[in-house]
Amino acid sequence: MSQDKAFTMEVRDDGVAVITIDVPGESMNTLKDSFADEVGSLMNRLESDDSVKGVVFISGKPGSFIAGADINMIDGCENAVDAESLARKGQAMFDRIEQLNVPVVAAINGACLGGGLELAMACHVRVCTDNSKTALGLPEVKLGLLPGSGGTQRLPELVGVQQGLTMILTGKELRAKQALKAGLVTEMVPQSILLDVAVEHALKRKPKSTKPPLKGMSKVLEATRFGRDIIFKKAGEQAQKKAQGNYPAIDKIIQTVREGVERGREAGLDKEARSFGELAMTPESYQLRQIFFATTEMKKETGADGVKPDSVKRVGVLGGGLMGGGIAYVTAAKAGIPARIKDISEDGIRHALHYSYERLDKKVKRRHMRRAELEKTMLMLSGSLDYSGFERTDVVIEAVFEDLNLKQKMVADVEEHADESTIFATNTSSLPITQIAATAKRPEQVIGLHYFSPVDKMPLAEIITHPETSDKTIATTVSLAKKQGKTPIVVKDGAGFYVNRILAPYMNEAARLLLAGEPIEHLDKTLVKFGFPVGPITLLDEVGIDVAAKVAPVLVKELGDRFEAPDAFEKLINDDRKGKKNQKGFYQYGKGVKGKPVDTSVYSLLDIDPERNKSAEEIIDICLLPMLNEAAYCLQEEIIRSPRDGDIGAIFGIGFPPFLGGPFRYMDSQGLETIVNKLEKLSTERGERYTPAPLLKQMVENGWSFYQ
Ligand SMILES: C[C@H](O)CC(=O)SCCNC(=O)CCNC(=O)[C@H](O)C(C)(C)COP(=O)(O)OP(=O)(O)OC[C@H]1O[C@@H](n2cnc3c(N)ncnc32)[C@H](O)[C@@H]1OP(=O)(O)O
């Protein structure tokens, strides 16, 4: 047995060959091209050794099985032929495993994803642990790919076409219980007996291939060609509704699964390998892979080089509203840290506690959580009308009204009632942290921690430093945000910070186009088709027209005239149009409203005669370019630390189309000269606010790009 091998085999006295997968020097197993030879020689031995009665594949890593093929390896492919050949090598390797005469069992604990699940599906039996980290899925679509080593064929064979297709199209993972129900695993066991149970299966007779455990309508549909046509059509429509034609993997997945279902596994595998090769070379897959690399890199960063975060054992939350409730929830449910909520009313506290209860209860009902776990999490949440219990908090996060005096008073109160070392993190979305810290006794412990609504769903947190924030405070806050399940970016203090600052000019231009007569649906649909999750006018309704109206003057005051909002807010507010929250905005809301009809009365209110004048391309340029330009200003002013942070912030904070890589990668892909030229043209046509940021011009002059 050699230490430098990823696959090592030991044949036990009972005749079961246990193959342990433990990629040397890596924290998680990933599959590499070079393992084909290693597995090949193990297969040679197994194929010729009659004394071996069964085989078990198990991971040597404590918390995971295999996280898929090595994405670096895929990224390193120079052309489609290289990538196709990787897929074919994997297919051949897994075929050989499947064809062994003895039973082969995958013993799965932790992540079993992509190529990892493809290997497990080539085994005859899969046993998994009931560990909460156990997850089985084919997430390749999130990388703009399809499963390349048999996954498009074996998953539908095991769980049925409908469920298999959905899993491959969405990348959705199944937890242990769900995998058992779907027929993806044969047995679910506690981790302590995983190997023993796997060995038992390996000593049984090789199981005959089974049919997916289908019931009801699924069974009827999958039985006939007509029924399967319906499944493929529906799956395609649903997936494209989200993808808007921007993700080439979607069509390829449907065609490939269909090929196998209709023409057999061999034809399916051939199409799978070819499609994998082609998709690996698409710009969409390239950008999505870069997001994976960026987020993995960010997981390791502390936010302050060389500084270790302090441990956070208790958190205080000021304000039990929507944001406070969400913050308390992610603190207890995700980070596992007790949170003490202070509000001025019992109602506020009740609201916050209820917010968590509702979310946890949903998980229990969906069987994602046991009731005992819900109760344990709820015990971590407590409320108070005064500061009792705050003396032991390590971090206090305030989520009270956007009022500077009030926030400064919160700082003083926390300094009085909490420990000397307690960090004060403010969830302000518009007030400068420097001003909130201005009256603090310990300004080095004041920091911004800006969450996005809804807190439990939105993955980004902006961590805002002011000149006196200490490195320890930064590192501790970054670490807390990560535990709460967030991807944090550290940004410098300044109006709008990063995310709202780049969003504002985009929204302003959409509003200007609307006032000039472009129909609301035309604007929204154009930008959704471009790749945003919702259009800018829908977003205004979601954020709240009153909130946008409040933020606008702050940005103008701090950053200048290019942030001037079009003159329509007053009329909208006077008409009590706040957006979704009071069910009165640009769209119609309320009971009985089907679909998402525009509230056309808004046109007469704003004296608009709606008519399409601008093409989709013009609308995109008009709205998007000021966002890109502002991102460049933020980099120039060091509001963000790097283009990478700017890209991740835009993708995770406002849903900038991920397949375009974020504002900076998008500018690189278009060419900075093109961006500057377009901005200059728009500046002549529409106003000086489009003047290119000096950084962009400087970069063009020097022939630079944001990334190498
Ligand atoms: C042919 C096939 O069909 C094609 C494929 O299989 S494509 C790959 C499909 N698999 C995936 O997309 C899964 C990618 N990985 C993940 O989502 C997450 O890493 C995970 C959920 C498995 C674990 O998350 P988490 O516990 O937070 O650990 P995380 O920090 O992300 O990863 C641990 C290490 O494993 C590495 N890693 C995980 N999966 C990897 C992969 N598929 N390729 C390369 N590296 C990977 C990470 O880079 C990180 O490396 P580091 O220790 O040097 O920083």
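What counts and what doesn't
Residues numbered from 1 in each chain as written. Predicted model: local features only at pLDDT ≥ 70, side-chain atom pairs only at ≥ 80, totals over all residues. Heavy atoms only, no water. Helix = DSSP H or I, 4+ residues; strand = E, 2+ residues; numbered from the N terminus. Buried < 20%, exposed > 50% of the residue type's maximum accessible area, 1.4 Å probe, protein only. Contact = heavy atoms within 4.5 Å. Core = buried A, V, L, I, M, F, W, Y, C linked by side-chain atoms within 4.5 Å. Domains from an automatic or database assignment. Near = heavy atom within 4 Å. Polar contact = N/O pair within 3.5 Å; in protein donor to acceptor, adjacent residues only side chain to side chain. Areas by Shrake-Rupley, 256 points an atom, 1.4 Å probe, with all protein chains shown as cover. UniProt positions renumbered as here; feature names shortened; annotations may be inferred. Pairing = 2+ DSSP bridges. Axes fitted to C-alpha atoms, helices over the stretch in contact; angles between N-to-C directions. Parallel < 35°, antiparallel > 145°, perpendicular 65-115°, else oblique. Left-handed = near helix turned anticlockwise from the far one by under 90°. Nonpolar A, V, L, I, M, F, W, Y, C, P; charged D, E, K, R; others polar.

**Student:** When you look at the environment of Leu-158 in this model, what are you seeing that I'm missing?
**Tutor:** Tracing the backbone through its elements, the reader meets Leu-158 in helix 5 (residues 151-159). When its relative accessible area of 14% is taken as the criterion, Leu-158 is described as buried. Apart from residues lying up to four places away in sequence, Leu-158 is in contact with Met-121, Arg-126, Ala-182, Gly-183, Leu-184, Pro-212 and Pro-213.

**Student:** Where do I start with the nonpolar core in this structure?
**Tutor:** Taken as a class, soluble globular proteins show a tendency for nonpolar side chains to be buried jointly. Core analysis: the largest hydrophobic core is formed by 94 residues, its most contacted members being Tyr-498, Phe-586, Phe-656 and Phe-706. In terms of residue count, helix 26 (residues 616-636) provides more of this core than any other element does, 13 residues in total. Shared between two domains, this core holds at least three residues of each, these being domain 2 (315-493) and domain 3 (500-702). Once you skip the residues sitting within four places of it in the chain, Phe-706 turns out to touch Leu-635, Pro-643, Phe-664, Met-667, Asp-668, Leu-672, Leu-695, Leu-696 and Met-699. Core analysis: the next-biggest nonpolar cluster, separate from the first, contains 75 residues, Ala-120, Ala-179, Ile-253 and Leu-279 among them.

**Student:** Help me understand the site of the ligand in this model?
**Tutor:** Taken together, 24 residues are adjacent to the ligand, and Ala-69, Gly-115, Glu-118, Glu-140 and Lys-299 come closest. In the model, an oxygen atom of the ligand is placed 2.8 Å from a nitrogen or oxygen of the Glu-118 side chain. Surface burial for the ligand is 72%, taken as the share of its 970 Å² of free accessible area covered by protein chains. Counting only elements with at least two residues in the shell around the ligand, the list comes to helix 2 (71-75), helix 4 (115-122) and helix 13 (283-300).

**Student:** What is the right way to look at the domain arrangement of the protein chain in this model?
**Tutor:** Accessible area lost when the parts come together is the quantity often used to give the size of an interface. Partitioning the protein chain into structural domains gives domain 1 (7-281), domain 2 (315-493) and domain 3 (500-702). Computed over C-alpha atoms, the centres of domain 1 and domain 2 are 41 Å apart.

**Student:** Help me out: how do you make sense of the UniProt feature "site: Important for catalytic activity" (unreviewed entry) in the protein chain in this one?
**Tutor:** Residues annotated by UniProt as "site: Important for catalytic activity" (unreviewed entry) correspond here to Glu-118 and Glu-140. Spatial clustering of the annotated residues is evident: they stretch over 23 residues in sequence, but the largest pairwise C-alpha distance comes to 11.4 Å. Looking at the secondary structure, you find Glu-118 in helix 4. Residue class for Glu-118 comes out buried when judged on its relative accessible area of 4%. Among all residues touching Glu-118, those that are not within four sequence positions of it are Phe-94, Leu-138, Glu-140, Pro-147, Gly-148, Ser-149, Gly-150 and Gly-151. Looking at where Glu-140 falls in the secondary structure, it is placed in the loop between strand 8 (135-137) and helix 5. According to the relative accessible area criterion, Glu-140 is buried, its value standing at 9%.

**Student:** In this structure, what is going on with the sheet that holds strand 3 (residues 54-59)? I would like to understand it.
**Tutor:** The strands that make up a sheet are held in pairs by hydrogen bonds between backbone atoms, and each pair lies either parallel or antiparallel. Taken together, the six strands give an open sheet; going across it, the order is 1-2-3-5-7-10, and neighbouring strands pair in mixed fashion. A strand with exactly one partner marks an edge of an open sheet, and here the two such strands are strand 1 (7-11) and strand 10 (187-189). Across this sheet, the average inter-strand angle for adjacent strands is 20°, counted without regard to direction.

**Student:** Explanation requested: the packing of helix 4 against helix 5 in the structure shown.
**Tutor:** The relative placement of two packed helices comes down to the angle between their axes together with the axis-to-axis distance. Contact geometry for helix 4 and helix 5: axes closest at 10 Å, N-to-C directions at 55°. When the axis of helix 4 is compared with that of helix 5, the two are oblique. You can see that helix 4 and helix 5 cross each other, and the crossing is left-handed. Touching Glu-118, Met-121 and Ala-122 of helix 4 are Gly-151, Arg-154, Leu-155 and Leu-158, all from helix 5. Residue classes in the contact of helix 4 with helix 5 are distributed as four nonpolar, one polar and two charged.

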